[in-house]
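The residues making up each chain are set out below.
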Amino acid sequence: YEFFGGIPVNIKLNSNSTRLSIIDNAALLYILDLDKIVDDEENIKGEQINLERRDCWNVRWAEDNPIEFALSEKTKLTILKDKETEEPVVTSSFVTFMKDHEIECVLLDDIMERPMNPKPDDIFVLESAQLRNIRNIIDKMGIDQAKEEILKEPSPKLWRILGEASLEVLNLELAEECFIHCKDYYSIRMINKIKNINNEH
């Protein structure tokens, strides 16, 4: 593949091998869409997308969403989904894992300064804006409105949060529906037992 940036220094592949992120030696980010193949005089290459992100030093693709990734730029962390960008979070932490709308971060600089004295706060989890939004809707507008929002862009994590909230207010029908979406059969069995107890009384 002929890369039109500088020298690649950080290369990451997404969860289903359809996109490749490249950070070059000028700290510029490029995304290659490997599904869009172009045959240019016998040179096969993917479509190159320059997102115009500068001062980049790390990318971590989500384990469960092939178009979502966390990007570290200087001292801020940004979540991108395709070309949609969330509000950056100020942190110089290293992202080790990203799944279920959560990003696991490690403060490597702090750990290296005191390797024999690590602290629990050296590892923490950030939630995506979508996850925080669903929690906020449940708290302020209720579970029915949250369901409508989740249906726009569903995921097992969001259904689980709604299912747990539905159990708290004893909306067993909605809770069961949510856990079916999660394929959480243990929770479904528990809900059915609760229903049977209610029917017996």
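Residues numbered from 1 in each chain as written. Predicted model: local features only at pLDDT ≥ 70, side-chain atom pairs only at ≥ 80, totals over all residues. Heavy atoms only, no water.

(A) Expanded view of the overall build of the protein. Of regular secondary structure, the protein possesses six helices and 12 strands. Expressed as a percentage of its 201 residues, the buried residues of the protein come to 40%. Long-range contacts, defined as pairs at least 24 residues apart, comprise 36% of the intrachain contacts of the protein with a sequence gap of at least 6. With the model as given, the accessible surface of the protein reaches about 12,400 Å², and the carbon-plus-sulfur share is 50%. (Helix = DSSP H or I, 4+ residues; strand = E, 2+ residues; numbered from the N terminus. Buried < 20%, exposed > 50% of the residue type's maximum accessible area, 1.4 Å probe, protein only. Contact = heavy atoms within 4.5 Å. Areas by Shrake-Rupley, 256 points an atom, 1.4 Å probe, with all protein chains shown as cover.)

(B) Molecular detail of the environment of Cys-178. Tracing the chain through its elements places Cys-178 in helix α5 (residues 172-182). The exposure class assigned to Cys-178 is buried, which follows from its relative accessible area of 0%. Each C-alpha atom of the pair Cys-178 and Pro-156 lies 8.5 Å from the other, and the pair is 22 residues apart in sequence. Leave out the neighbours within four places in its chain, and Cys-178 touches Trp-159, Leu-162 and Gly-163.

(C) Representation of α5 in the model. Taken together, the buried positions of α5 are occupied by Leu-172, Leu-174, Ala-175, Glu-176, Cys-178, Phe-179 and Cys-182. Positive phi shows up at Lys-183, right after α5, with a value of about 60 degrees.

(D) Here's a closer look at the pattern of salt bridges. Applying the stated criterion across every chain yields a total of 13 salt bridges. Two residues, Glu-153 and Lys-81, come together in a salt bridge whose shortest N-O distance is 2.7 Å. In this pair, Glu-153 sits in the loop between α3 (143-152) and α4 (156-168) while Lys-81 sits in strand β7 (residues 76-81), placing the two residues 72 residues apart along the sequence. Assessed through its relative accessible area of 36%, Glu-153 is described here as partly exposed. Here Lys-81 falls in the buried class, since its relative accessible area comes to 13%. With a shortest N-O distance of 3.6 Å, Glu-102 and Lys-157 are connected by a salt bridge. Here the residue Glu-102 occupies a position in strand β11 (residues 102-106), and Lys-157 occupies one in helix α4, the gap between them amounting to 55 residues. The structure contains a network of salt bridges with shared partners spanning Arg-19, Asp-33 and Asp-82. (Salt bridge = Lys/Arg side-chain N within 4 Å of Asp/Glu carboxyl O.)

(E) Structural context of the confidence of the model for the protein. A residue-level look at the protein finds 89% of positions with pLDDT of 70 or above and a mean pLDDT of 89. Confidence, read as mean pLDDT per element, is least for strand β4 (residues 43-50) in the protein (62) and greatest for β11 (97). (pLDDT = per-residue confidence, 0-100.)

(F) Layout of the pairing of strand β6 (residues 68-73). Judged by how many residues are buried, β6 sits mostly within the fold: six of six residues are covered. Of the two faces of β6, the one carrying Glu-68, Ala-70 and Ser-72 and the one carrying Phe-69, Leu-71 and Glu-73 are both buried. Here strand β5 (residues 56-61) hands over to β6 after six residues, the two strands then running antiparallel side by side. Where β6 lies against β7, six bridges are found, and the strand directions are antiparallel. Note that in β7 the partner of Phe-69 across the bridge is Leu-80. Taking the residues that link successive antiparallel strands as the turn, the β6-β7 hairpin has two residues, and the phi of Lys-74 there is positive, at about 50 degrees. (Pairing = 2+ DSSP bridges.)

(G) Expanded view of the packing of helix α2 (residues 129-141) against α4. Between α2 and α4, the shortest axis-to-axis distance is 11 Å and the interhelical angle comes to 20 degrees. Of the possible angle classes, the one that applies to α2 and α4 is roughly parallel. Between α2 and α4 lies a crossing whose hand is right-handed. In contact with Gln-130, Leu-131, Ile-134, Arg-135 and Ile-138 of α2, α4 contributes Lys-157, Leu-158, Ile-161, Leu-162 and Ala-165. Across the contact of α2 with α4, the residue classes break down as seven nonpolar, one polar and two charged. (Axes fitted to C-alpha atoms, helices over the stretch in contact; angles between N-to-C directions. Parallel < 35°, antiparallel > 145°, perpendicular 65-115°, else oblique. Left-handed = near helix turned anticlockwise from the far one by under 90°. Nonpolar A, V, L, I, M, F, W, Y, C, P; charged D, E, K, R; others polar.)

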